[in-house]
Structure formats: C-alpha cells, structure tokens
Amino acid sequence: MTQIKHIAIKEFKDYFTSPIAYIVISIFLIVTGWFFFSTFFIYDRASMRDFFLLLPTIFSFIIPAITMKLLSEEMNVGSYEILLTMPVSFTDIAIGKFLGATLFIGAMMVPTLLYPISISFIGELDLGPIVGGYIGTILLGSAYCAIGLFASSLTRNQIVAFIIGAAICFLLTIMDRLLFFIPGAFAPIIEYIGANSHFINISKGVIDTRDIIYFASVIFISIYGTYLVMKEKN
Amino acid sequence: MIEVTNLTKNYNGFCAVDKIDFKVEKGEILGLLGPNGAGKTTTLRMLTGFFEPSSGNIEIKGLKIPEDTLEIKKLIGYLPESAPLYHNMLVFDYLVYVAKIKGIEKDKIAGRLKELSSLCGLSEIMHRPVAELSKGLNQRVGLAHAMISDPEILILDEPTSGLDPNQIVEIRKIIKNIGREKTIILSTHILSEAEATCDRILIIDKGKIVADDTPENLKKSAKSESQITLSLHEADSNKALELLKSIDNKLIVEVEDSSDKDTISFKIITIGLDNPMKTIYLKIKETDWIISEFKKESQSLENIFHKLTTEDK
C-alpha cells in the first residue's frame with residue numbers, strides 16, 4: 001500500500017517538475033473556456049451542462065497525452081529495470097501510476113471550479129448537476145487514465161502509446177453516436193459499452209449504480225490488462 | 001547464500017544463458033567475466049528478478065524466484081548497466097524516493113543519505129538534475145541507489161564503466177570495503193578489475209560457464225602452460241622440428257612464417273614442463289645453430305580469457 005502511495009506521489013510531482021503540467025492545463029482551460037463561454041451568453045442559461053458535454057471529447061485527447069509517458073518512457077530510458085528491481089510488485093506499479101495520473105486530472109479540474117462560482121453570481125445555479133458533473137468527470141477521467149496507462153504499457157514509443165490511447169478513448173466517446181449504423185439488436189449493447197451515455201447520466205445529477213459499475217469495470221479491466229502486459233514482457 | 005542450478009534463459013529461440021550452475025557464499029566477491037553478449041547481464045537480471053528464468057532454479061537465502069521475488073528484491077541492491085535513472089528528478093529527490101520505496105523509515109533517510117553522499121562523493125551534486133550528470137557521476141548515484149537500504153547482497157553490472165581512472169580506483173576500494181561484510185556479484189569485461197577486486201571469477205562465454213576459480217588459481221593453471229617464440233639462424237627446418245619434438249611429446253611446435261629466408265621461427269607451447277626455456281636451450285646448444293630470438297610470452301589472465309572465450313567448441 002505504501003509503495004502505491006510513493007509511486008503515485010512521484011508520478012504526480014513529475015508532471016509539475018516538467019513543463020507538461022503547465023502546458024496541458026493551459027491548453028485544457030483555454031479550449032474548454034473558449035468553447036463553453038462562446039455560446040454561454042447566447043443560450044442565456046445558468047447551467048454548466050455544455051461544459052460537461054465537452055469533456056469526453058477533450059479528455060480523449062488530453063488524457064492519453066499525459067498518460068503516454070507513464071510506462072513507455074521508463075521502458076525507453078531503461079529506468080524500468082530500476083523500478084522493477086526495487087521491492088514493488090506489478091500491481092503496485094500499475095495502481096500507483098494510475099493514481100498519479102488521476103490525481104493530475106483532479107488538479108487540472110480545480111481551476112474550473114471558478115466557472116460555477118462565477119455563474120452563481122449571475123443566475124440561479126442548480127447544484128445537483130454541478131456535483132454530479134464533477135463526480136462524472138472524475139470517473140470518466142480515471143477510466144481514460146487507466147486506458148492511457150494500458151496503451152503506455154504496450155510500447156516503448158510514446159507517440160504510439162498516445163495514438164493507441166486516444167483511439168480507444170475517442171471510440172468509447174463517440175460509440176453512442178454510431179448507433180445509427182448498427183443493427184437494432186446490438187444497439188443497447190453498443191450503447192452500454194460507450195462511455196458517453198454513462199457520463200451524461202451522471203452529469204445530469206442522476207447517480208446510478210449501473211454507470212458507476214461501468215466506469216469501475218473499465219478501470220479494472222485496463223489496470224488488469226496493464227498488469228498482464230507487464231508480466232508478459234519479462 | 002546464493003545457489004543457482006540449471007539456469008536457462010531463451011529469447012525467441014536464442015539461448016542467452018545455457019544451464020549454468022554456481023554458488024556464492026556469504027561475504028564473497030564474485031566476478032562475472034565474459035565478452036560482450038556472453039550472458040552476464042541476463043544472468044544478473046534473472047538474479048534480481050527483472051527477468052523470469054526460462055527454466056532452472058535460483059535460491060537466495062532459502063527464498064526462491066519467482067515465488068518470493070518481492071522478498072528477494074528487498075535483500076538485493078542492484079546497479080543496472082549504465083545506471084538508467086529518472087532523468088527529470090534531482091539527485092536528492094531521486095535518492096529520497098528510492099529510500100521511501102525501499103522502506104527506510106522517514107527519520108533515518110537524511111542520515112543514510114549523508115553517509116552515502118560521503119561514501120560515493122555525491123555532496124556536490126545532490127541538488128543537480130540527474131539528466132545533467134556526466135556518466136561517471138551518474139554511475140556514482142546508481143551505486144548510492146544500490147546501497148541505500150544497506151542490502152545483504154549487492155549486484156553490480158559493470159560498476160566502473162565510464163569512470164575515470166581515479167574514480168575506478170575509488171569505486172574498487174568501496175567495493176572491497178563493502179565486500180568484507182556483504183556478498184557482491186559484479187560483472188565486468190575488464191580483466192584487471194576482476195583480478196583486483198574479486199575473490200572468485202566466473203568466466204562466461206555463449207551462455208556457458210567456461211571457468212570458475214580464484215584469480216590466483218586461474219593464473220597458476222596458466223603458468224603451467226607457456227608459449228615460447230624461438231627463431232633460429234642457419235638451421236634446417238625439418239631437423240630443427242625433429243629436435244624440438246624429441247624434447248617432450250607434449251610439446252606443440254608450429255613453424256611460423258618468417259620474413260628472413262635464413263631464419264626459421266617456431267611457436268612452441270609447453271604444458272607441465274619445468275623450466276622449458278632451459279631444456280630447449282640445452283638442446284639447441286648441442287647443435288651449431290644460432291639463436292636469434294628466444295622469448296617467453298607472459299601468461300596473464302588476458303591470455304586465459306582469450307583462450308577460453310575464442311576456442312571453437
């Protein structure tokens with residue numbers, strides 16, 4: 001347990017000792033801020049719904065970009081050997097790195113808390129969807145982090161890791177918009193596999209165990225996959 | 001302390017380590033010697049639990065790989081080849097992180113770091129990023145990394161590679177010092193280093209052990225065999241060859257090409273002959289040939305190494 005903590009803290013700090021954190025957070029805030037507020041005053045509604053709807057798409061590119069280095073870089077530089085010969089298990093490494101990235105996503109979301117605060121000055125804000133929206137964001141973010149970590153375990157090339165991660169995350173995001181092409185019988189299954197509908201449910205303020213189980217299973221499967229890949233590699 | 005039996009590692013059909021057996025006692029400094037690609041690093045990586053063996057057993061203090069890998073990792077301090085450390089961290093932060101992972105108590109970390117920084121000469125570079133260090137400094141940080149938890153077993157993969165001569169002497173001194181209480185396995189391709197630091201040497205070639213002895217014994221076995229170069233003037237090559245062969249039937253005599261027509265050169269290898277120079281000289285003295293060159297090649301570990309690792313098997 002303590003090993004997981006040390007690895008997670010190290011990964012989290014790493015983002016801030018390199019320029020990655022500042023670049024990614026700035027880009028995230030500029031992009032979401034622009035898309036959200038450019039239509040906000042036209043709709044004239046005191047809600048953050050449009051902000052949360054943006055997140056799955058943006059996350060499917062930003063998260064693989066921050067998780068791509070987690071294992072690929074270590075394998076490429078060779079520090080993977082140092083990591084594995086210290087008294088840590090594969091599980092410690094996978095969970096530690098996953099938590100480090102998830103903490104970073106949490107840190108990235110902190111500045112956006114200014115949005116609901118400033119909106120509450122200009123209109124009646126319904127708190128339910130906001131709280132639900134942030135819970136959904138954390139679940140979605142951690143699920144995508146787990147997928148990104150899995151992609152990073154597959155290759156020592158960070159760019160390949162990014163592309164694989166982004167492809168999986170983006171596919172999960174747009175899956176429920178592809179239902180149109182899918183035979184009726186499969187549609188509910190495909191809709192369940194896609195991440196978007198679950199995220200939208202939670203961000204409406206409806207916290208359903210089915211959605212939570214969905215995200216928990218994505219996280220579990222990806223971390224377990226990472227564990228298997230690492231075990232197979234040596 | 002460490003017992004390895006029948007250890008084998010295959011990579012995609014290529015056999016890097018082939019059924020090797022050896023034992024290491026407590027307090028021993030064992031040197032793994034071999035040419036590039038002989039399987040030294042692979043063997044060490046299996047001992048540290050980084051690679052899983054294809055077959056065979058590794059037992060360290062009664063613990064086995066792969067069942068007790070996590071426990072074994074706690075006993076071992078490992079310096080990988082070329083010490084690949086985390087580039088974006090400061091030396092100090094890096095060592096603190098390692099100390100935490102290795103389970104050193106929080107209030108003891110600072111004290112331990114002070115000891116190591118004076119032992120490995122790190123006090124000047126503690127606040128510098130790992131990426132900015134030269135190879136030698138990087139190696140020292142790697143050594144500190146390996147020793148941080150004061151492990152019972154130290155495994156060092158080419159610990160002196162990339163160091164300047166002064167640092168090499170220093171690191172050897174450190175290794176000798178620690179070796180009094182700890183068990184050390186180190187790999188190297190520098191023979192003088194193995195000779196200077198190790199209690200026992202394993203020579204590995206193509207994944208197999210070709211020699212396992214103390215440096216003194218290895219040298220002794222080399223001494224019983226000597227190589228002599230002899231050049232004669234005004235001699236008949238057939239007669240000379242016959243004469244030389246009549247000295248001892250274990251003598252191997254080869255005629256060498258000579259640039260001078262009047263001179264015949266021989267390469268003579270003697271095995272187990274006392275004072276071969278004297279015997280050969282007395283025989284030649286009986287004839288009226290003129291000796292123009294007569295010298296004994298010095299046999300060092302280098303020759304043994306060369307012989308053992310280049311012979312066709």
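Each remark here, short or long, concerns the structure printed above.
Residues numbered from 1 in each chain as written. Chains lettered and ligands numbered in written order. Predicted model: local features only at pLDDT ≥ 70, side-chain atom pairs only at ≥ 80, totals over all residues. Heavy atoms only, no water.

### Details of the sheet that holds strand E1 (residues 2–11) of chain B
Residue and element names in this part refer to chain B. Quick reminder of the rule: In short, DSSP must find at least two bridges between two strands for them to pair. A run of H or I in DSSP counts as a helix once it spans at least four residues, and a run of E counts as a strand once it spans at least two, with each numbered from the N terminus. Angular values range over 0 to 180 degrees, each being the angle between N-to-C directions of two axes fitted as lines to C-alpha atoms, with helices fitted over their stretch in contact. Working rule for contacts: check all heavy atoms of both residues, and any pair within 4.5 Å makes them a contact.
Spatial strand order, E2-E1-E4-E5: 4 strands in an open sheet with antiparallel pairing. Strands at the two margins of the open sheet, each flanked by one partner only, are strand E2 (14–24) and strand E5 (63–65). For this sheet, the mean angle separating the axes of adjacent strands, direction not counted, is 25 degrees. In terms of strand pairing, E1 meets strand E4 (residues 55–60) through 5 bridges, oriented antiparallel. Along E4, the bridge assignment pairs Thr 5 with Asn 57. Set on the sheet, helix H1 (residues 40–47) makes contact with E1, E2, E4 and E5; between it and E1 the angle comes to about 120 degrees.

### Quick look at the packing of aromatic side chains
All names here are of chain A. Note the cut-off: Stacked, edge-to-face and tilted are the three classes for Phe, Tyr and Trp ring pairs, Trp counted by its six-membered ring, which pair at centre distances within 6.5 Å; planes under 30 degrees apart are stacked, over 60 edge-to-face, the rest tilted. Each residue is placed in one exposure class: buried if its accessible area under a 1.4 Å probe, protein chains only, is under 20% of its type's maximum, exposed if it is over 50%, and partly exposed if it falls in between.
Here the structure, examined in full by the defined rule, presents 27 aromatic pairs over all chains. Relative to Tyr 22, the ring of Phe 16 lies with its centre 6.0 Å away and its plane at 75 degrees, an arrangement referred to as edge-to-face. A residue is classified by how much of its surface remains accessible, and Phe 16, at 27% relative accessible area, is partly exposed. Owing to a relative accessible area of 47%, Tyr 22 belongs among the partly exposed residues under this scheme. Ring centres of Phe 61 and Phe 170 lie 5.3 Å apart, and the angle between their planes is 45 degrees; on these two criteria the pair is classed as tilted. Of the two residues, Phe 61 is situated in helix H3 (residues 49–67) and Phe 170 in helix H9 (residues 158–174); the sequence distance between them amounts to 109 residues. By relative accessible area, Phe 61 is classed as partly exposed at 41%. Given a relative accessible area of 29%, Phe 170 falls into the partly exposed group.

### Quick notes on the side chain of Thr 112 of chain A
Residue and element names in this part refer to chain A. Condition: Here a polar contact is recorded for every N or O atom pair within 3.5 Å, except that within protein the pair must consist of a potential hydrogen donor and a potential acceptor, and residues adjacent in sequence are included only if both atoms are side-chain atoms.
Tracing the backbone shows Thr 112 in the loop between helix H6 (90–109) and helix H7 (114–122). A polar atom in the side chain of Thr 112 sits 2.8 Å from the side chain of Tyr 134. Setting aside its immediate chain neighbours within four residues, Thr 112 contacts Phe 28, Leu 29, Phe 51 and Tyr 134.

### A look at the nonpolar core
Going by this rule: Throughout, nonpolar core names a set of buried Ala, Val, Leu, Ile, Met, Phe, Trp, Tyr and Cys residues whose side chains join them through atoms within 4.5 Å.
Among the nonpolar cores identified, the biggest contains 139 residues, and Phe 59 and Tyr 144 of chain A together with Leu 95 of chain B are the most heavily contacted of them. Take this core: its biggest share by element is 10 residues, from helix H8 (residues 127–154) of chain A. Apart from residues no more than four positions distant in its own chain, Leu 95 of chain B is found in contact with Leu 113, Leu 122, Met 126, Val 141, Ala 144, His 145 and Ile 148 of chain B. Counting residues in each nonpolar core, the second largest holds 16 residues, with Leu 243, Leu 244, Val 253 and Ile 284 of chain B among its members.

### Points about the packing of H8 of chain A against helix H12 (residues 209–233) of chain A
Residues and elements named next belong to chain A. Going by this rule: Should an angle lie under 35 degrees it is considered roughly parallel, over 145 roughly antiparallel, and from 65 to 115 roughly perpendicular; all remaining angles are considered oblique. Should the near helix be turned anticlockwise from the far one by less than a right angle, the crossing is left-handed, and should it be turned clockwise, the crossing is right-handed. Charged residues are taken to be Asp, Glu, Lys and Arg, nonpolar residues to be Ala, Val, Leu, Ile, Met, Phe, Trp, Tyr, Cys and Pro, and polar residues to be all remaining types, Gly included.
Relative orientation of the contacting elements H8 and H12 amounts to 15 degrees, with a least axis distance of 9 Å. Judged by the inter-axis angle, H8 sits roughly parallel to H12. H12 is crossed by H8, and the crossing has left-handed handedness. Two secondary-structure elements touch here, H8 through Leu 139, Leu 140, Ser 142, Ala 143, Ala 146, Ile 147, Leu 149, Phe 150, Ser 153 and Leu 154 and H12 through Ile 212, Phe 215, Val 218, Ile 219, Ser 222, Ile 223, Gly 225, Thr 226, Val 229 and Lys 233. Split by residue class, the contact of H8 with H12 holds 14 nonpolar, 5 polar and 1 charged.

### A few points about the interface of chain B and chain A
For clarity, the cut-off: The term buried area means the drop in 1.4 Å probe accessible area that two parts suffer when joined, counted for both and summed. Salt bridges are defined by distance alone: a side-chain nitrogen of Lys or Arg within 4 Å of a carboxyl oxygen of Asp or Glu.
Tallying the contact residues gives 25 residues for chain B and 21 residues for chain A. Contact between chain B and chain A buries roughly 2,300 Å² in total, counting both sides, with carbon and sulfur atoms accounting for 63%. When the buried surface of chain B facing chain A is broken down by residue, Phe 50, Tyr 86 and Ile 101 of chain B rank first, second and third, together holding 30% of it. Here chain B and chain A share 1 salt bridge between them. Here chain B and chain A share 6 residue pairs in polar contact (both at pLDDT 80 or more) between them. Those elements that provide at least two residues to the side of chain B that touches chain A are helix H2 (69–75) and helix H3 (91–101) of chain B. The element best represented in the side of chain B that touches chain A is H3 of chain B, accounting for 5 residues.

### Some thoughts on the environment of Thr 112 of chain A
Judged by relative accessible area, which is 0%, Thr 112 of chain A ranks as buried. Each C-alpha atom, one on Thr 112 of chain A and one on Gly 33 of chain A, is 8.7 Å from the other, the two residues being 79 residues apart in sequence.

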